[in-house]
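Residues per chain are reported as follows:
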Amino acid sequence: MSSKPVVLIAEELSPATVDALGPDFEIRYCNGADRAELLPAIADVDAILIRSATKVDAEAIAAARKLKVVARAGVGLDNVDVSAATKAGVMVVNAPTSNIVTAAELACGLIIATARNIPQANAALKNGEWKRSKYVGVELAEKTLGVVGLGRIGALVAQRMSAFGMKVVAYDPYVQPARAAQMGVRVVSLDELLEISDFITVHLPKTPETIGLIGEEALRKVKPTVRIVNAARGGIVDEQALYSALKEGRVAGAGLDVYAKEPCTDSPLFEFDQVVCTPHLGASTDEAQEKAGIAVAKSVRLALAGELVPDAVNVQGGVIAEDVKPALPLAERLGRIFTALAGEVAVRLDVEVYGEITQYDVKVLELSALKGVFEDVVDETVSYVNAPLFAQERGVEVRLTTSSEASDHRNVVTVRGTLASGEEVSVSGTLAGPKHVQKLVAVGDYDVDLALADHMVVLHYEDRPGVVGTVGRIIGEAGINIAGMQVSRSTVGGEALAVLTVDDTVPSAVLSEVAAEIGATSARSVNLV
């Protein structure tokens, strides 16, 4: 019997991946897409390396008695149950930067292809047709490129297309205008971007707020000559709305690499000659695959050696006090709630930890809160190590404050941010009871006591009779059940805060109706799934 740790490679990976693992491991192979083969094969291994075909779900994790690491050679983690892995103490790693250049280059290729009708002309000529006049295109020089989402990939696209003489504008509420200006990009509102852009390229994470962002309403604001590219996530561009816009001549063309449902082999959009489609090739280059394999192999080596793992998705790696560990998911969720309430990037972010827990090293709670803050902001996997980099790139000053004194609870974590306008947004939470129930205990200056839920609504309004009934009626008529609700107010008839926990995402139209009916000064939907 070998005394070496066992690494199971469940899909075809580059030889460089095995080389990066080195001689210190016993390497085994299986077909991860075959469940009958996977489940017995994973039973006694220390780590498993996969790509997209192997499903490491709760069943697989339960079957893996010795498993310490799941390594996905790529960016997406749709085929890994991160929650189940975390509960089982299994580290999940991926290669978040492996396909940044590759994805950006594909987006640029789709922009050029839609401008010059390259795929269509190629197909026609190979079919024996010489149609120069049919495939007259447009120049990129002096045209305006609208980048929706100026994260790493969006920034690379902006940089590359600027070299073509394009004027670049961007919509991204989480990027400071000064930071964008350094890239030669002007930050504008989404409406302005839609109105002035000749080309629009999408580079956003897929969240309840971004699904359908480029939809019917947005596509009625664009130029009829616009060409739209989506090489980010399927569903951000509403495919039915895009079909209608193309059919009615309100959009000139499109380039798509991603779709709402994949694999997609039959779409109404395929009938248009001016639509260029590829089968989710964003990460499909030899270089990206090799980078991904080498990156996760290095992470496996670090993890099994008990060292810090930069690309760990669910844990930092290294030593974390047992009393601190339950607070990690709380801090992360508070960070996500902060982002949902703020609606933009903070100039300064304070992570405050109070109570008995501060006798331990709680630096990891700052990282966990930062991870949550950027989870729904960037179109990349956020880890404990790259979260500070995202803050640095956006000019966010981050501070950790600790105190052994906590007034009303044993321990409290607060995420507090100052926005560019000077407005302060804060949210506080604690863990209650032996089961460590995550509770929201304050939003700004308002005290609350409500268990966190996957879907919540936060409302600010003027205190008066009938508001609670109105809110319940509108949300109920939308077919959404309210699980819990708490109202807090400064004074009778003064400003009030209501926090609702609901069973599903409240659509933006319903939230807008609620805000209008009660005269809310702020109405935010929070979604933690």
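Above this text sits the structure in question.
### Considerations on the overall build of the protein
Stage number 1. Each helix and strand in the protein was counted, giving 17 helices and 22 strands.
Stage number 2. In terms of principal-axis extent, the alpha carbons of the protein reach across some 80 × 70 × 45 Å.
Stage number 3. Counting only residues that meet the buried cut, the protein has 52% of its 529 residues in that class.
Stage number 4. The contacts of the protein with a sequence gap of at least 6 include a subset with a gap of at least 24, amounting to 65%.
Stage number 5. Total accessible area computed for the protein in this model is approximately 23500 Å², and 50% of it derives from carbon and sulfur atoms.
Stage number 6. Of the charged side chains in the protein, 49 are positive and 69 negative; the average position of the first set lies 4 Å away from that of the second.

### Quick notes on the packing of helix H5 (residues 100-116) against helix H7 (residues 152-162)
Stage number 1. Closest axis-to-axis distance for the H5/H7 pair is 9 Å, and the angle between their directions is 50°. Comparing the axis directions of H5 and H7 gives the class oblique. Like other packed secondary-structure pairs, H5 and H7 cross with a definite hand, here right-handed. Residues Ile-100, Val-101, Ala-103, Ala-104, Glu-105, Ala-107, Cys-108, Ile-111 and Ile-112 of H5 form the contact with H7, whose participating residues are Arg-152, Ile-153, Leu-156, Val-157, Arg-160 and Met-161.

### Considerations on the environment of Ser-244
Stage number 1. Among the secondary structure elements, Ser-244 is positioned in helix H11 (residues 239-247).
Stage number 2. Distance in space between the C-alpha atoms of Ser-244 and Pro-268 is 10.0 Å, their sequence separation being 24 residues.
Stage number 3. Excluding anything up to four places from it in sequence, Ser-244 contacts Glu-216 and Arg-250.

### As for helix H12 (residues 286-304)
Stage number 1. Helix length check: H12 (19 residues) gives 27 Å between terminal C-alpha atoms against 27 Å at 1.5 Å per residue, within 8%.
Stage number 2. By the burial criterion, the buried members of H12 are Ala-288, Ala-292, Gly-293, Val-296, Ala-297, Ser-299, Val-300 and Ala-303. All buried residues of H12 lie within an arc of 160° about the axis, which places them on one face of the element. Those residues of H12 that are exposed and angled more than 90 degrees off the buried face are Asp-286, Glu-287 and Lys-298.
Stage number 3. Buried residues along H12 sit against strand S1 (6-9), helix H1 (15-21), strand S3 (47-50), strand S4 (69-72), strand S5 (91-93) and H5.

### What about the sheet that holds strand S22 (residues 522-527)?
Stage number 1. Pairing is antiparallel across the open sheet formed by four strands, whose spatial order is S20-S21-S19-S22. At either end of the open sheet lies a strand with only one pairing partner, and these are strand S20 (482-489) and S22. Going across the sheet, the axis of each strand differs from the next one's by a mean of 15°, ignoring polarity.
Stage number 2. Of the strand pairs in this sheet, strand S19 (residues 455-462) and strand S21 (residues 495-502) are connected by eight bridges, and their pairing is antiparallel. Considered in S21, the bridge of His-460 is made with Leu-497.

### Examining the packing of aromatic side chains
Stage number 1. On inspection of all chains with the given rule, the structure shows three aromatic pairs.
Stage number 2. Plain terms: the ring middles of Phe-374 and Phe-390 are 6.2 Å apart, the flat faces sit at 40° to each other, and that makes the pair tilted. With Phe-374 in helix H14 (residues 363-375) and Phe-390 in helix H15 (residues 387-393), the pair connects residues that are 16 residues apart, well separated along the chain.
Stage number 3. Phe-374 gets classed as buried once you look at its relative accessible area, which sits at 3%.

### Looking at the state of the cysteines
Stage number 1. Applying the stated criterion to the full structure yields zero disulfides.
Stage number 2. This cysteine, Cys-264, is not joined by any disulfide, and Cys-277 carries the nearest cysteine sulfur, 7.8 Å off.

### Some details on the nonpolar core
Stage number 1. One finds Phe-338 and Leu-365 to be the most contacted residues of the largest nonpolar core, which totals 52 residues.
Stage number 2. With 10 residues, the top contributor of residues to this core is helix H13 (residues 327-342).
Stage number 3. Not counting the four nearest positions on each side in its chain, Phe-338 is found in contact with Ala-346, Leu-349, Val-373, Val-415, Arg-416, Gly-417, Val-425 and Val-427.
Stage number 4. One finds Val-169, Leu-193, Val-251 and Leu-269 within the second-largest nonpolar core, a separate group that totals 30 residues.

### A look at the environment of Leu-459
Stage number 1. Tracing the sequence through the fold places Leu-459 in strand S19.
Stage number 2. With a relative accessible area of 0%, Leu-459 lands in the buried category.
Stage number 3. Residues Leu-459 and Leu-242, spaced 217 residues apart in sequence, show a C-alpha to C-alpha distance of 33 Å.
Stage number 4. Those residues in contact with Leu-459 that sit more than four places away from it in its chain are Val-471, Ala-496, Leu-497, Ala-498, Leu-500, Leu-511, Val-514, Ile-518, Ser-522 and Ala-523.

### Looking at H13
Stage number 1. Over its 16 residues, H13 extends 22 Å from the first C-alpha to the last, a length consistent with the 22 Å expected when each residue adds 1.5 Å.
Stage number 2. Of all 16 residues making up H13, 15 are buried, and the element is well covered by its neighbours.
Stage number 3. Immediately downstream of H13, the backbone of Gly-343 shows phi near 75°, a positive value.

### Re the sheet that holds S3
Stage number 1. Pairing in this open sheet of five strands is parallel, and the strands run S2-S1-S3-S4-S5 from one edge to the other. Across the chains shown, the open sheet's two edge strands, defined by having one partner strand only, are strand S2 (26-29) and S5. In this sheet, adjacent strand axes meet at a mean angle of 20° when their direction is disregarded.
Stage number 2. Bridge count between S3 and S4: four bridges; the pairing is parallel. If you follow Ala-47 over to S4, its bridge partner there is Val-69.

### Points about the pairing of strand S17 (residues 437-443)
Stage number 1. Counting buried positions along S17 gives five out of seven residues, so the element sits mostly inside the fold.
Stage number 2. Connecting strand S16 (residues 424-432) to the antiparallel partner S17 that follows it, the hairpin turn spans four residues, and Gly-433 within it adopts a positive phi of roughly 75°.
Stage number 3. One ladder, built from four bridges, connects S17 with strand S18 (residues 446-451); its direction is antiparallel. Bridging from a neighbouring strand, Val-443 pairs with Tyr-446 of S18.
Stage number 4. The hairpin formed by S17 and S18 contains two residues between the paired strands, and Gly-444 there has a positive phi angle of roughly 60°.

### Let's talk about unusual backbone geometry
Stage number 1. That bond from Glu-262 to Pro-263 is cis: its omega, 0°, falls within 30 degrees of zero.
Stage number 2. With respect to the helices, strands and loops of the structure, Pro-263 is situated in the loop between strand S11 (253-256) and strand S12 (275-277).
Stage number 3. Of note, Glu-142 is a non-glycine position whose phi angle comes to about 70°, a positive value.
Stage number 4. Mapped onto the secondary structure, Glu-142 falls in the loop between helix H6 (118-126) and strand S6 (144-148).
Stage number 5. Taking the relative accessible area as the measure of exposure, Glu-142 reaches 58% and is therefore exposed.
Stage number 6. Within the chain, His-280 stands out as a residue other than glycine whose phi angle is a positive 50°.
Stage number 7. Mapped onto the elements of the fold, His-280 is located in the loop between S12 and H12.

What counts as what
Residues numbered from 1 in each chain as written. Predicted model: local features only at pLDDT ≥ 70, side-chain atom pairs only at ≥ 80, totals over all residues. Heavy atoms only, no water. Helix = DSSP H or I, 4+ residues; strand = E, 2+ residues; numbered from the N terminus. Buried < 20%, exposed > 50% of the residue type's maximum accessible area, 1.4 Å probe, protein only. Contact = heavy atoms within 4.5 Å. Areas by Shrake-Rupley, 256 points an atom, 1.4 Å probe, with all protein chains shown as cover. Lys, Arg positive; Asp, Glu negative; His and termini not counted. Charge placed at Lys NZ, Arg CZ, Asp CG, Glu CD. Axes fitted to C-alpha atoms, helices over the stretch in contact; angles between N-to-C directions. Parallel < 35°, antiparallel > 145°, perpendicular 65-115°, else oblique. Left-handed = near helix turned anticlockwise from the far one by under 90°. Expected span 1.5 Å × (residues − 1). Arc of directions from axis to C-beta. Pairing = 2+ DSSP bridges. Phe/Tyr/Trp six-rings, centres within 6.5 Å; stacked < 30°, edge-to-face > 60°. Disulfide = S-S within 2.5 Å. Core = buried A, V, L, I, M, F, W, Y, C linked by side-chain atoms within 4.5 Å.

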